[in-house]
Amino acid sequence: MTNTAEGREILVGIDPARDCHMLLAWAADEAHRRRLPLRLLVAVPAQHHIEHVDASTYMMARRQEGARALEVAASWVRARHADVEVETDVLDGRPARILIRLSDRARMIVLGSRHLSRTEEFLSAGSLVVPVSAQARCPVVVVGDAEHVTQEPLYLVVGVDGSEPSKAALALAFGEASLRGAALRALWVWQPPALSLKDEPSLVRTQRALLSEAVAGWAEKYPDVALTHEVPVGHPVEELARAADHALAVIVGRRGDGGYTGMRLGSVVHGLLHRAHCPVITVPVR
């Protein structure tokens, strides 16, 4: 995660057919907070199933529609934060591929969620959330369509399990909490084994010790962050989503770069994208 701080801009994928105010607000606030430019993108995929002349007309109409949507979005961002530098682009190609390609130079990518089922997410030609979250080389933020109510004092949730992805998530989570003046809840969710020779309290104490060890160095680096350690018992997706009900965001690490898209993302991240009410931040391992 050391390279994410070098990203020069925040990328936002815009769908002209949808209300983008929630993700625009999140992205504009981030750009203002970090003093970074905001780049708003509309991608126009080619339509191979129609005749050449009709295809050209279709592409031109979609580009014009995208340009209008971007103009409205840029005006909205400037009204919210006049100091934010806003760039707009209409690019030809599949949206996911474009955003993944541009992720090398980005601090983060911000997307909206269609709240599709897992099957719909994989089969939808316009799906962005799964492939971009799984393959982008910068953190990806997925913001829901409905307004999310945060709780005072402000807090973030980070999932920890001792893996390299969760270490990357911790690094980002402490930085984000410090930047926002928010508390941080670090959760290592314990799933009881079907058969165990040890008693449950003993196993939970072991998990607490592992969690304390995992966050110790970061807590020393960020003494301004109010940190709590939690070892809830249950399913990781359900427990993380419950803890993040009123959080600013829940932050989780991505499994890796091997395997197909779903495997790269990991079952916990995939589950949170469909279950969590707050923004979900997926962090790649650098």
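Residues numbered from 1 in each chain as written. Predicted model: local features only at pLDDT ≥ 70, side-chain atom pairs only at ≥ 80, totals over all residues. Heavy atoms only, no water.

*Asks:* Which residues make up the layout of surface pockets, and what values do they have?
*Replies:* Approximately 400 Å³ is the volume attributed to the second largest pocket. Together, 19 residues line the second largest pocket, and W26, D29, T150, L248 and P279 are the ones closest to its centre. Top contributing element to the lining of the second largest pocket by residue count: helix α1 (residues 21-34), with six residues. (1 Å grid on protein atoms, 1.4 Å probe; cavity = no way out; pocket = protein on both sides within 12 Å on 5 of 7 lines; lining within 4 Å. Points joined across faces, edges and corners; volume = space filled by probe spheres on them. Helix = DSSP H or I, 4+ residues; strand = E, 2+ residues; numbered from the N terminus.)

*Asks:* If you had to explain the sheet that holds strand β8 (residues 227-230) to someone new, which residues and values would you point to?
*Replies:* Across the sheet, 10 strands lie side by side as β3-β2-β1-β4-β5-β10-β9-β6-β7-β8; this open sheet has mixed pairing. Each edge of the open sheet carries a strand with a single partner, namely β3 (86-92) and β8. With direction set aside, neighbouring strand axes in the sheet form an average angle of 20°. Here strand β2 (residues 38-44) pairs with β3 via seven bridges, running parallel. Bridged to L40 within β3 is T88. Each of β6 (155-159), β7 (183-187) and β9 (250-253) touches helix α8 (residues 236-243); the most contacted strand, β6, lies at about 170° to it. Against the sheet, helix α10 (residues 267-275) contacts β5 (140-143), β9 and β10 (280-283), and its axis sits at roughly 155° relative to β9. (Pairing = 2+ DSSP bridges. Axes fitted to C-alpha atoms, helices over the stretch in contact; angles between N-to-C directions. Contact = heavy atoms within 4.5 Å.)

*Asks:* Break down empty space enclosed by the protein for me, with residues and values.
*Replies:* Over the atoms a probe the size of a water molecule is rolled, and this reveals where empty space is left. Under the definition given, this model contains one cavity of 30 Å³ or more. Estimates place the volume of the largest cavity at around 70 Å³. What lines the largest cavity is a set of 11 residues, and nearest its centre among them are V142, G144, L273, A276 and C278. Residue assignment for the lining of the largest cavity shows that the elements contributing at least two residues are β5 and α10. Looking at side-chain class alone, the lining of the largest cavity contains seven nonpolar, four polar and no charged residues. (Nonpolar A, V, L, I, M, F, W, Y, C, P; charged D, E, K, R; others polar.)

*Asks:* Before we move on, could you go through the pairing of strand β1 (residues 9-13) and cite the residues and values that matter?
*Replies:* Counting buried positions along β1 yields five of five residues, so the element is predominantly enclosed. Here β1 shows no split at all, with E9, L11 and G13 on one side and I10 and V12 on the other all buried. Sheet analysis places β1 next to strand β4 (residues 106-112), joined by four bridges and oriented parallel. Of the residues in β4, the one forming a bridge with E9 is A106. The parallel pair β1 and β2 is bridged by α1, and the resulting crossover is right-handed. (Buried < 20%, exposed > 50% of the residue type's maximum accessible area, 1.4 Å probe, protein only. Right-handed = clockwise from strand over helix to strand, strands pointing away.)

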